[in-house]
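# Residue-level structural notes
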Amino acid sequence: MTTTDSATTAILDQPTRLAQLEARNVSAWFGDHKVLDRVSLLMPAGKVTALIGPSGCGKSTFLRILNRMHELVPTASLAGEVLIDDRDIYDASLRITDARRQIGMVFQKPNPFPAMSIQDNVTAGLLLTGVKADRATKEQLLEECLTKAGLWTEVKDRLRQPGGGLSGGQQQRLCIARSLAVSPRILLMDEPCSALDPTSTRRIEQTIKELASEVTVVIVTHNMQQAARVSDQCAFFLAEAGTPGAIIEHGPTNLMFDSPQDQRTFDYVNGRFG
Ligand code: ADP
Ligand code: MG
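Quick look at the structure, then. Each chain carries its own residue numbering, running from 1 in the written order of its sequence. Whichever chain is written first becomes A and whichever ligand is written first becomes 1, with later ones labelled in order. Per-residue local features are limited, in this predicted model, to residues with pLDDT of at least 70; the limit for side-chain atom pairs, both in listing and counting, is 80 or more; totals at the level of whole chains, interfaces and linings are taken over all residues. Note that water and hydrogens are dropped before the side-chain values are worked out from all heavy atoms of the structure.

## Notes on helix H2 (residues 59-66)
- When you tally the buried positions in H2, you get six out of eight residues, the bulk of the element.
- Burial classification: accessible surface area is computed with a 1.4 Å probe over protein chains only, and a residue below 20% of its type maximum counts as buried, one above 50% as exposed, and the rest as partly exposed. Every helix listed is a DSSP run of H or I at least four residues long, and every strand listed is a run of E at least two residues long, numbered separately from the N terminus. All buried positions along H2 are accounted for by Lys 59, Thr 61, Phe 62, Leu 63, Ile 65 and Leu 66.
- Positive phi shows up at Arg 68, right after H2, with a value of about 65 degrees.

## Looking at the nonpolar core
- Side-chain atoms within 4.5 Å link the members of a nonpolar core, which is a set of buried Ala, Val, Leu, Ile, Met, Phe, Trp, Tyr and Cys residues. Formed by 46 residues in total, the largest nonpolar core has its most connected members in Val 122, Leu 146, Ile 176, Leu 187, Met 189, Ile 208 and Ile 219.
- Contact between two residues is taken to exist if any of their heavy atoms lie within 4.5 Å; hydrogens are not considered. Once you skip the residues sitting within four places of it in the chain, Val 122 turns out to touch Leu 142, Cys 145, Leu 146, Leu 174, Ala 177, Arg 178 and Ala 181.
- Listed in part, the 31 residues of the second largest apolar core include Ile 65, Ile 84, Leu 94 and Met 105.

## A short note on the site of ligand 1
- Inspection of the region around ligand 1 gives 13 residues, with Gly 56, Gly 58, Lys 59, Ser 60 and Thr 61 positioned closest.
- One of the backbone N or O atoms of Gly 56 is found 2.7 Å from an oxygen atom in ligand 1.
- A distance of 3.1 Å is found between an oxygen atom of ligand 1 and a backbone nitrogen or oxygen belonging to Gly 58.
- Accessible areas in this description were obtained via Shrake-Rupley with a 1.4 Å probe; residue shielding takes into account the shown protein chains only. Within the complex, the protein chains bury 63% of what would otherwise be the 560 Å² of accessible surface of ligand 1.
- Contributions of two or more residues to the shell around ligand 1 are made by strand E2 (33-43) and H2.
- Take the shell around ligand 1: its biggest share by element is four residues, from H2. Working definition: residue near molecule or strand if any one of its non-hydrogen atoms lies within 4 Å of it. Whenever a nitrogen or oxygen atom comes within 3.5 Å of another N or O atom, the pair is scored as a polar contact, on the condition that within protein one atom can donate a hydrogen and the other can accept it, and that pairs from neighbouring residues in sequence are kept only if both atoms are in side chains.

## Quick word on the packing of helix H7 (residues 168-180) against helix H8 (residues 198-211)
- Angular values range over 0 to 180 degrees, each being the angle between N-to-C directions of two axes fitted as lines to C-alpha atoms, with helices fitted over their stretch in contact. For the pair H7 and H8, interaxial distance at closest approach is 9 Å and the crossing angle is 20 degrees. Compared by their axis directions, H7 and H8 come out roughly parallel. Regarding H7 and H8, the two cross each other, and that crossing is right-handed. Mapping the contact onto sequence places Gly 169, Gln 172, Arg 173, Ile 176 and Leu 180 in H7 and Ser 200, Arg 203, Ile 204, Thr 207 and Leu 211 in H8.
- Gly is placed with the polar residues, together with every amino acid not listed as nonpolar (Ala, Val, Leu, Ile, Met, Phe, Trp, Tyr, Cys and Pro) or charged (Asp, Glu, Lys and Arg). Per-class residue counts for the contact of H7 with H8 are four nonpolar, four polar and two charged. For classification, angles of less than 35 degrees are called roughly parallel, those exceeding 145 degrees roughly antiparallel, those between 65 and 115 degrees roughly perpendicular, and all remaining angles oblique. We call a crossing left-handed when the near helix sits turned anticlockwise from the far one by less than a right angle, and right-handed when that turn is clockwise.

It is worth stressing that arrangement in space is one thing and function is another; only the former is reported here.
Here it is as structure tokens:
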């Protein structure tokens, strides 16, 4: 085929524009249960932001609000703003599919389409977002995304085999490649390594660090060593005694670990609770 679809050309040729994400006064409810209270956080372009804190303090809820997945829960509601650069992703003029294409998500448990081939898993996102691509373009995109996800050399000779046949760590990198295929500007990751062995975990951490030059990363992690290794800044969430989750403290990762301002942050990063 000689013609190239213009939307595809745009996806491949445009240098990814780095974006910052900013939450302003985000509160969230499930029914009348308030789970987040006025959370504000700037997630700078091209940096890795780690969200830390004990379970139940609203980290996953906050992450889902950042790409409009929270509203998929029937009882869920929210207040506040989420700005990508200066545009509110909840603005009625921004289509939900555009918001989600710009803000990708990788989940705790790797969720490739198990019976689908490795290559089709990667390009699946193109179909879902309505981008048409010819074969050569798809092949180029496939290699590019698998390379960025740190998986290319391991799978290049078995691209037609099912995604479900890969190891857990490889499946998670496949999911990262799938997210990258639609050129997101932000990549959200909710405890992406918590189901993986230490070797796979380190491999994914390396991938995250490499990705940060072209996509803004926000990662939830329970693993303090991981937060220290991969992130540029951390935000510490806490929901104290039945109150909704809030950010207690945030700042550059080294300061959060070495000289936190709040005693609760100190106790948490030093493993005294949570
Ligand atoms: P974390 O990721 O920090 O562990 P979550 O965001 O998952 O915290 O949960 C925050 C609070 O919201 C918890 O009290 C949890 O029980 C509640 N919650 C999470 N998801 C739902 C849901 N789908 N329906 C009702 N309550 C929920
Ligand atoms: Mg969670």
